Amino acid sequence: NVSNETKLRVLVTPMTSQMNDMALTSRKGFSPKQNSRMTEVDIEKREVDDGKSEEKPLVSNAVSNSIPTGAVPPSSPSKSSSSPSTFADAISSNPDFFAQASKFSFCFVGLLLSYLTWGYMQELIMTTKFEPTQHSPDGTFPSAAFCVFSNRFLAIIVAMIAVKLRHGSIFQNNVAPLKAFTPCALSNTMSSWSQYASLRYVTFPVQTVFKSSKIIPVMIMGKALKGAIYPTTQYVEALFITIGVAIFSVFAQEAKEGKAASTAVMGLIYMLMYICFDCFTSQWQSKIYDMYGRQNVDPYQMMLGVNSSAICITTAGLILSGDFPVVYEFFLVNPNVLVYNVITAITSASGQLFIYYTIKEFGPIVFTIIMTVRQMISICISAYKFGHVISPKAMVGAILVFGVLFYQIRRKWMAKKAKDSADVPAASVVGGGVGNNGSK
């Protein structure tokens, strides 16, 4: 019995081992030849690898091996992600910056287009020799007052629309009475008339540079009307600007042939009238804001009040001087001049709107920079289109004037920056910092 049992065990054991190997081979996918060459360690390693592969998600090996457990696998690299970010992506990542940049570009382009076109048309109307008429045998436009009238006529329409949209009515919600605007309306009308009339005697570049010297009358009017006190720095700046204007005016007029001394004197008188009246206008408007409060008189109401009185003044002047029939006769012979006047009126009104919007969004310093750049460009355009010669000596005067103007801008900017930096700590100590809405 023992020998038979031993023989049976010898026969069964290899058979059992072979059956186990065949089962393992079919489960693991090994071929018999592969299984014969694999060691026990290899089989265990394959079992471990198979166990891990059953737990992995169905993703590519390169991606799955680099992803930590629980992390979201990144999307496969595409052509767009490898390329540089587009302009749309840059805008979406910096919406506030691009919004401000768009507003600034809108203001910059609007101001330049309005006032460069306005200045060009102004010189074109007043200096061009058109077809002569009975009352204008030399062919020049007969009435500077009508140019002022056309500007005020469209400006009052724009102001009425703006006030109606903003306040719901045109005159009912105005705190300041119309008579309060009459003095500055008269001075504004006279300054505009002097500006147009001066172009018959001086060139547009001389007029533009000469306007920069109005800082002295502004200081005089401010001291007389409001008792303002100015630091010594502003007096020094005014002195250098006056010197630069004098240099430019003298040598620019010398380069212009055919201008008599009496003509230059008349041009100087008109320019002095323009500066004095214009300075009174700005100072009186500031006085209106102080009397009735800026919260009660917005820029559009100021525009409406000044132009309402100005249109009455210019209309009365045209009737008393008899310029209406003379201008009408001139338009019949030269209809293109009527188009020029319409363009001048449109750009004058749009320029006022851009002034208010620019100052509201960016403040007076940025506005001053834009307008100073506009003056420089307008001089170049006028010299190119109308053949004005600017000598090197005159250029020295212009550089001196604009150099002082940009220094003024820098000084005001630094003063504003220092004031803002000083206000922030004080506000954080007194008021507990900035609120949720960003206001101090």
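Sequence order as written defines the numbering, with residues in each chain counted from 1. Under the rules for a predicted model, residues below a pLDDT of 70 receive no local features and side-chain atom pairs below 80 are neither given nor counted, while totals for whole chains, interfaces and linings still include all residues. Each side-chain value is derived from all of the structure's non-hydrogen atoms; neither hydrogens nor water enter the calculation.

## A look at the overall build of the chain
What counts here: Secondary structure is summarised from DSSP: a helix means a run of H or I of at least four residues, a strand means a run of E of at least two, and numbering begins at the N terminus for each. With a 1.4 Å probe rolled over the protein chains alone, any residue whose accessible area is under 20% of its type maximum counts as buried; one over 50% counts as exposed, and the rest are partly exposed. In this analysis, two residues are considered to be in contact whenever any of their non-hydrogen atoms come within 4.5 Å of each other. Reported accessibility uses the Shrake-Rupley method at a 1.4 Å probe radius. Residues are deemed covered only where the shown protein chains occlude them.
A count of helices and strands for the chain gives 17 helices and zero strands. Out of the 440 residues in the chain, the part that is buried amounts to 37%. Residue pairs in contact within the chain that sit at least 24 positions apart in sequence constitute 80% of those at least 6 positions apart. Only carbon and sulfur atoms are counted for the fraction: they give 65% of the accessible area of the chain, which is about 25800 Å².

## Some thoughts on the nonpolar core
One broad trend across soluble globular proteins is that nonpolar side chains are buried collectively. Rule in force here: Think of a nonpolar core as a cluster: buried Ala, Val, Leu, Ile, Met, Phe, Trp, Tyr and Cys residues, connected wherever their side-chain atoms sit within 4.5 Å.
Counting 36 residues, the largest nonpolar core has Leu111, Met126, Phe141, Phe146 and Tyr196 as the members making the most contacts within it. Ranked by the residues each element gives to this core, the list is headed by helix H8 (residues 144–167), at nine residues. Filtering out sequence-adjacent residues up to four positions away, Met126 remains in contact with Phe141, Ala144, Cys147, Tyr196, Leu199 and Arg200. With 23 residues, the next largest nonpolar core counts Phe210, Phe248, Ala398 and Phe402 among its residues.

## Side note on the side chain of Arg152
Formally: The definition of a polar contact used here is a pair of N or O atoms within 3.5 Å, where within protein one atom must be able to donate a hydrogen and the other to accept one, and adjacent residues in sequence count solely through side-chain atom pairs.
Within the secondary structure, Arg152 sits in helix H8. Here Ser192 takes part through its side chain, which lies 2.6 Å from a polar atom of the side chain of Arg152. If near-sequence neighbours (up to four positions away) are discounted, Arg152 is found in contact with Asn188, Ser192, Asn307, Ala310 and Ile311.

## Observations regarding the confidence of the model for the chain
Applicable threshold: On a scale of 0 to 100, pLDDT captures the predictor's confidence in every residue.
Taken residue by residue, the chain gives an average pLDDT of 77. The fraction at 70 or more is 73%. Scored below 50 in pLDDT, residues 75–84 makes zero contacts in the model with residues more than four places away or belonging to other chains. Scored below 50 in pLDDT, residues 426–440 shows ten contacts in the model against residues more than four places distant or in partner chains.

## Brief notes about the state of the cysteines
Here is the rule we go by: For this text, the term disulfide refers to a pair of cysteine sulfurs within 2.5 Å.
Under the criterion given, the structure shown has zero disulfides. Cys276 takes part in no disulfide bond, and the closest cysteine sulfur to it belongs to Cys279, at a distance of 6.7 Å.

## What to know about the packing of aromatic side chains
Defined as follows: Pairing of aromatic side chains here covers Phe, Tyr and the six-membered ring of Trp, requires ring centres within 6.5 Å, and sorts the geometry by plane angle: under 30 degrees stacked, over 60 edge-to-face, intermediate tilted. Note on criteria: charge over ring means Lys NZ or Arg CZ within 6 Å of the ring centre, with the direction from the centre no more than 35 degrees off the ring normal.
Enumeration according to the criterion identifies 19 aromatic pairs in this entry. A ring pair is formed by Phe130 and Tyr340, whose centres lie 6.4 Å apart and whose planes are at 45°; its orientation type is tilted. One end of the pair, Phe130, is in the loop between helix H7 (95–127) and H8; the other, Tyr340, is in helix H16 (residues 335–386), with 210 residues separating them in the sequence. With respect to burial, Phe130 and Tyr340 carry one shared label: buried. On the numbers, 5.8 Å between centres and 80° between planes, the contact of Tyr300 with Tyr356 is edge-to-face. You can see Tyr300 sitting in helix H14 (residues 299–321) and its partner Tyr356 sitting in helix H16, a full 56 residues away along the chain. Given the relative accessible area of 21%, Tyr356 is considered partly exposed. In this arrangement the basic side chain of Arg294 is found over the ring face of Tyr289, its NZ or CZ atom lying 4.2 Å from the centre.

## Thoughts on the packing of H14 against H16
Operational definition: Under this scheme, a helix contributes an axis fitted over its contacting stretch, all axes are lines through C-alpha atoms, and angles between N-to-C directions fall in the 0 to 180 degree range. If an angle is under 35 degrees, it is roughly parallel; if it is over 145, roughly antiparallel; if it lies from 65 to 115, roughly perpendicular; otherwise it is oblique. Note: crossing handedness is left-handed where the near helix turns anticlockwise from the far helix by less than a right angle, and right-handed where it turns clockwise. Each residue is assigned to one of three groups, with Ala, Val, Leu, Ile, Met, Phe, Trp, Tyr, Cys and Pro labelled nonpolar, Asp, Glu, Lys and Arg labelled charged, and all others, Gly among them, labelled polar.
Contact geometry of H14 with H16 gives a least axis separation of 10 Å together with a crossing angle of 150°. Judged on the interaxial angle alone, H16 and H14 are roughly antiparallel. Relative to H16, H14 is oriented so that their crossing is right-handed. Residues Pro299, Tyr300, Met303 and Asn307 of H14 touch H16, and the partners they reach there are Gln352, Leu353 and Tyr356. Classifying every residue of the contact of H14 with H16 by side-chain character gives five nonpolar, two polar and no charged.

## As for the packing of helix H15 (residues 323–333) against H16
Across the interface, H15 lies against H16 with an axial gap of 5 Å and an inter-helix angle of 115°. It follows from the interaxial angle that H15 and H16 lie roughly perpendicular. Within the contact between the two elements, H15 uses Phe330, Phe331, Leu332 and Val333 and H16 uses Pro335, Val337, Leu338 and Asn341. Classifying every residue of the contact of H15 with H16 by side-chain character gives seven nonpolar, one polar and no charged.

## Let's talk about the environment of Thr140
Mapping Thr140 onto the fold places it in the loop between H7 and H8. On the basis of relative accessible area, Thr140 is assigned to the buried category, the value being 11%. For the pair Thr140 and Thr128, spaced twelve residues apart in sequence, the C-alpha to C-alpha distance is 6.4 Å. Apart from residues lying up to four places away in sequence, Thr140 is in contact with Thr128, Lys129, Arg200 and Phe330. One polar contact links Thr140 to Asp138, side chain to side chain, over a distance of 3.0 Å.

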